[in-house]
Amino acid sequence: MIEEFVPKWVAWEITRKCNFNCVHCRSSSTMDTHGHEDFSTEEGYRIIDDIASYAQPVMVLSGGEPLLRKDIFDLAQYGTNKGFRMCIATNGSLVTEEICLKMKEAGIKMVSLSLDGATVEVHDDFRSQKGAFEGVVNATKLFNKHGIKFLINSSFTKRNQEEIPKVYKLAKELGATAWYMFMIVPTGRGEEIMNELISLEDYEEILDWHYEMEKEEDELLVRPTCAPHYYRMVLQKQKEDGEKFKRRTLKFSTGGSKGCLAGQVICLIDVDENLLPCSYFPMSAGNLKENSFQHIWENSQLFKDMRDFKSYKGRCGSCEYVNVCGGCRARAYAITGDYMEEEPFCGYIPRKLQVDKK
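Residues numbered from 1 in each chain as written. Predicted model: local features only at pLDDT ≥ 70, side-chain atom pairs only at ≥ 80, totals over all residues. Heavy atoms only, no water.

*Asks:* Please explain the pairing of strand β5 (residues 150-156) as it appears in this structure.
*Replies:* Every regular strand shows the same layout, with side chains that alternate between the two sheet faces. Within β5, seven of the seven residues are buried, leaving the element largely enclosed by the surrounding structure. Residues Phe150, Ile152, Ser154 and Phe156 point to one face of β5 and Leu151, Asn153 and Ser155 to the other, with burial holding for every one of them. In the sheet, strand β4 (residues 110-114) pairs with β5 via four bridges, with the strands oriented parallel. Across the sheet, residue Val111 finds its bridge partner in β5, namely Phe150. Once you follow β5 into helix α6 (residues 164-174) and on to strand β6 (residues 178-183), the crossover reads as right-handed. (Buried < 20%, exposed > 50% of the residue type's maximum accessible area, 1.4 Å probe, protein only. Helix = DSSP H or I, 4+ residues; strand = E, 2+ residues; numbered from the N terminus. Pairing = 2+ DSSP bridges. Right-handed = clockwise from strand over helix to strand, strands pointing away.)

Here is the structure:
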């Protein structure tokens, strides 16, 4: 195993079906799979066995909406028996008392819920589904009742960026273990809302807000996600402040010490068994029907490129913070068509380039 690049977290798209039609969906999921059919239960077991022979990552059963698969808890139990820390990512609408009991029986360690607004109007608009907000709130009540830990993921664009502090507050009130603020990457259906991407200037202000909030937060684990330059900002601001604050960690996260982790310690397996660098990177490094997880992880040129920080282009390639940030490779690909290009939503000028200009 490549020592510095160990697969620690695997998202697994077990179905492309979804009962929602979210504006930013990376896989453009609907109830029609459009040819991306579910793999069999036995094939799912084979994939788990393949990964287990090489690594012991956190595995997140995702979708689409994973609770639409009738065998989801068979897959979850099998993964638990193999020693994986099994998690589920759901929109919350299908969570019931029975589902909670099955989650506990199958050894589910964490559930992630999506909440993109602090009100019915905002969240339901973002999810293009009436009742979506009510479904999330109901799910949190059931998880609290049954002692199931959950975290909340919140995705933001211009249409809901004013909700950020409100959603953070609501996540705490609902009893979440963690709150992840996602700065969306325009892939899948997200390509249709390119004009809604938060501006570079607002992006910086939001990350400033997150830093000040995180310094004071002593209960909830908080992380800006798909915002790798936050880790550069943290180092800069701690130097300015002359002090460091201890960042909380969660054993079901990837640690929170570095920005872009795509193809380095995380990846996504889609329903067609393609291995992708992350959930927002629509380029395959290989297919598990043709090669083992280990072979693809260690030998894919795409993954090798992602790990070759010295070959990054533009400002990222010259940046002294490349090892803690790296820029979002998926966003670079979505905006420029070149995943090795500089992070498009970072305004920082590396010291090397500042000197060269002088």
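*Asks:* What is the right way to read the side chain of Thr41 from this model?
*Replies:* Tracing the backbone shows Thr41 in helix α1 (residues 41-52). Reaching out from Thr41, the side chain makes a polar contact with the side chain of Asp71 at a distance of 2.4 Å. Excluding anything up to four places from it in sequence, Thr41 contacts Arg69, Asp71 and Leu75. (Polar contact = N/O pair within 3.5 Å; in protein donor to acceptor, adjacent residues only side chain to side chain. Contact = heavy atoms within 4.5 Å.)

*Asks:* Sorry, what's going on with the pattern of salt bridges here?
*Replies:* Between side chains of opposite charge, a pair can form as their charged atoms come close. A full pass over the atoms with the stated rule returns 21 salt bridges. A salt bridge links Asp125 to Arg159; the shortest N-O distance between them is 2.9 Å. Note that Asp125 is positioned in helix α4 (residues 120-127) and Arg159 in the loop between β5 and α6, a separation of 34 residues in sequence. In this structure, Arg351 engages Glu320 in a salt bridge whose closest nitrogen and oxygen atoms are separated by 3.5 Å. With Arg351 in helix α13 (residues 351-357) and Glu320 in the loop between α11 (314-318) and α12 (329-336), this residue pair connects regions lying 31 residues apart in the sequence. Using a relative accessible area of 29% as the deciding quantity, one classes Glu320 as partly exposed. Through salt bridges with shared partners, one network takes in Glu43, Arg46 and Glu273. (Salt bridge = Lys/Arg side-chain N within 4 Å of Asp/Glu carboxyl O.)

*Asks:* Any chance you could explain the environment of Gly286 here in plain terms?
*Replies:* Its place among the elements puts Gly286 in the loop between β9 (275-276) and α9 (293-299). With near-sequence residues (within four places) excluded, Gly286 lies in contact with Glu273, Asn274, Leu275 and Ile296.

*Asks:* Sorry, what's going on with the side chain of Glu163 here?
*Replies:* Here Glu163 lies in the loop between β5 and α6. Here Glu163 falls in the buried class, since its relative accessible area comes to 9%. A polar side-chain atom of Glu163 sits 2.7 Å from the main-chain amide nitrogen of Ala118. Apart from the residues within four sequence positions on either side, Glu163 is in contact with Gly117, Ala118, Thr119, Val122 and Phe156.

*Asks:* I would appreciate a short explanation of the packing of aromatic side chains in the present structure.
*Replies:* In this description, a pair of aromatic rings is defined by centroid distance and the angle of the planes. Inspection of the entire model under this criterion finds 16 aromatic pairs. Note on Trp179 and Trp209: the rings are 6.3 Å apart at their centroids and 85° apart in plane angle, and the pair reads as edge-to-face. Residue Trp179 is found in strand β6, and its partner Trp209 is found in helix α7 (residues 200-216); the two are separated by 30 residues along the sequence. Overall, Trp179 belongs to the buried group, its relative accessible area being 0%. Linked through ring pairs, Tyr54, Phe293, Trp297 and Phe303 together constitute an aromatic cluster. Here the guanidinium or amino end of Arg69 rests over the ring plane of Phe39, the centre of that ring lying 4.4 Å away. For Arg329, the ring lying beneath its charged end belongs to Tyr312, and the centroid distance is 4.2 Å. (Phe/Tyr/Trp six-rings, centres within 6.5 Å; stacked < 30°, edge-to-face > 60°. Lys NZ or Arg CZ within 6 Å of the ring centre and 35° of its normal.)

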